[in-house]
Amino acid sequence: MMYDAATESLARAELTQLQIERLQAMLRRVYRNVAFYRTRFDQLGIDVEQVRDLEALQQLPCTTRADLQAAYPYGMFGVPLRDIVRLHASSGTTGKPTVVGYTRNDLQHWSALVARQLVSVGVSEHDIVQIAFSYSLFTGGLGFHYGAELLGAAVVPASSGANAADQLAIMRDYKTTVLAGTPSYALTIATALEEQSLHPEELNLRVGVFGAEPWSEALRERIETKLGLRAYDTYGVSEIMGPGVAAECEQRCGMHINEDHFIAEIIDPLTEINRGTGEEGELVFTTITKEGFPVIRYRTGDLAVLLDGDCDCGRTFVRMGRVEGRTDDLVMAQGIKFMPSQLREVLMRQRWIRPDTAIVLDRKDGSDTIEVQVAVSEEAPFFDEISRVSELRAEIVRTLRTEMGISVKLTFVESATLRQKVGTKGVSVTDHRQR
Ligand code: DLL
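Worth saying up front: this structure is predicted, and the values here are computed from it rather than measured.

Asker: I'm lost on the overall build of the protein chain in this one. Help?
Answerer: Along the protein chain, the regular secondary structure elements total 13 helices and 21 strands. Here the protein chain has a C-alpha radius of gyration of 23 Å; the compact-globule value for 435 residues is 22 Å, and the two agree. Referenced to the eigenvectors of the C-alpha coordinate spread, the extents of the protein chain come out at roughly 70 × 60 × 40 Å. The buried share of the protein chain, taken over its 435 residues, is 55%. When the accessible surface of the protein chain is split by element, carbon and sulfur atoms take 49% of a total near 18800 Å². Positive and negative side-chain charges in the protein chain, numbering 47 and 60 respectively, have mean positions lying 4 Å apart.

Asker: I keep staring at the packing of aromatic side chains and nothing clicks. Help me out?
Answerer: What describes a pair of aromatic rings is the distance from one ring centre to the other and the angle between the planes of the rings. Counted according to the given criterion, the structure contains nine aromatic pairs. Taking 4.7 Å as the distance between ring centres and 10° as the angle between the ring planes, the aromatic pair formed by Y102 and W110 counts as stacked. The exposure classification of Y102 matches that of W110, with both residues buried. Measuring from ring centre to ring centre gives 5.9 Å for F210 and W215, while their planes differ by 80°; the resulting arrangement is edge-to-face. The two residues F210 and W215 agree in class, both being buried. An aromatic cluster is defined as three or more aromatic residues linked by ring pairs; in this entry it consists of F36, Y37 and F41. A cation over an aromatic ring shows up here: R220 above the ring of W215, its NZ or CZ 5.7 Å from the ring centre. Directly above the aromatic system of W215 lies the positively charged group of R322, at a separation of 4.9 Å from the ring centroid.

Rules used in this analysis
- Residues numbered from 1 in each chain as written.
- Predicted model: local features only at pLDDT ≥ 70, side-chain atom pairs only at ≥ 80, totals over all residues.
- Heavy atoms only, no water.
- Helix = DSSP H or I, 4+ residues; strand = E, 2+ residues; numbered from the N terminus.
- Rg over C-alpha atoms; globule rule 2.2 N^0.38 Å.
- Buried < 20%, exposed > 50% of the residue type's maximum accessible area, 1.4 Å probe, protein only.
- Areas by Shrake-Rupley, 256 points an atom, 1.4 Å probe, with all protein chains shown as cover.
- Lys, Arg positive; Asp, Glu negative; His and termini not counted.
- Charge placed at Lys NZ, Arg CZ, Asp CG, Glu CD.
- Phe/Tyr/Trp six-rings, centres within 6.5 Å; stacked < 30°, edge-to-face > 60°.
- Lys NZ or Arg CZ within 6 Å of the ring centre and 35° of its normal.

Given below as structure tokens:
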């Protein structure tokens, strides 16, 4: 089943033509409306009117996360604020997040693309879709919400705040058939099911749509067995749109990229030179319909491959493989994305904590644990006072929860040992989770 068969199965030549037309209109728009692109193109002597094919796009400069951050909050918007009807923000960067804006047209496209991916895994208006992504500045909750609603499914906006037992109770009582969330949260829910000695057959789950963080085939199998559903991968980036950028169809042989809205490229992260299909590199996207927050050749930081060959589902859109890694050290845990340096910045505001930080990630009972190891400065007047040190610990844990949304276990370790562990970078990340 296709939501929009005419588009999803366009012949390559027609699709390329559509992409070029949309790209040209888009380039004219950003040149006119976004000072950042106008200045950059002028400086480099780029005439957007000369971009007549997709090869010419590859000659344009890439946009980086740093470019977006420098334009915080609204500098990259392609329309006046009065035309923006929704704002979201990307998580997981040093310093300021990136604020993304959507026009009414953008929201319509977004919902249609999410509906498209739900249909591609057999979801219909007969389904009850429980959305366990966070409803917040994060794009997951509302992105899936409006897509599922457009499709006509019954939407249960459970969000990710509820504890796993509550999610389960809703799932059982409301007879949920489709679960959308992060794979790690799905595993947490599955673990709660086991703890309650419930059998997946007591639920009505049929399909799971999971994404927003890396996961593996092994984790897919675990979730499927424990929850009794068929699980699909879904990929998105808030700077590009949110969920709905690419998703698996029932064939599960890579995620179809919605090429009628986004042009995907793979580049060498060091030289920015394009790589061919089948070669791993950094994923770069150009939005070709976005009005609120258009981006040209945005470097996602995600390492993946574009896959060759036809898909048995009949869709012609190119597929991407699983995200295999990152070009930076973005940490994804407890459904939150952050850079280690961001956590360190919070810690460094604490006068009596030394700047070295070790982050240890693990998984317990299906949930991510984050241990943060730091050393108390020897100059601290209370260095040997256990009660004061405990107070300090509680304060740091609280600050990390309110400012970054993560629950950490804070461990004080000896400063020399820590120094050895973190080396010259001052921060280390050890990941013991098996995806
Ligand atoms: O994670 C949007 C989203 C919401 C996608 C719901 C899927 C479902 P950000 O918070 O901006 O947006 O994070 C984007 O998350 O660059 C990847 O590193 C990672 N990521 C997203 N989906 C996947 C996936 C949303 N399926 C960043 N597999 C991206 C691996 C993923 N990594």
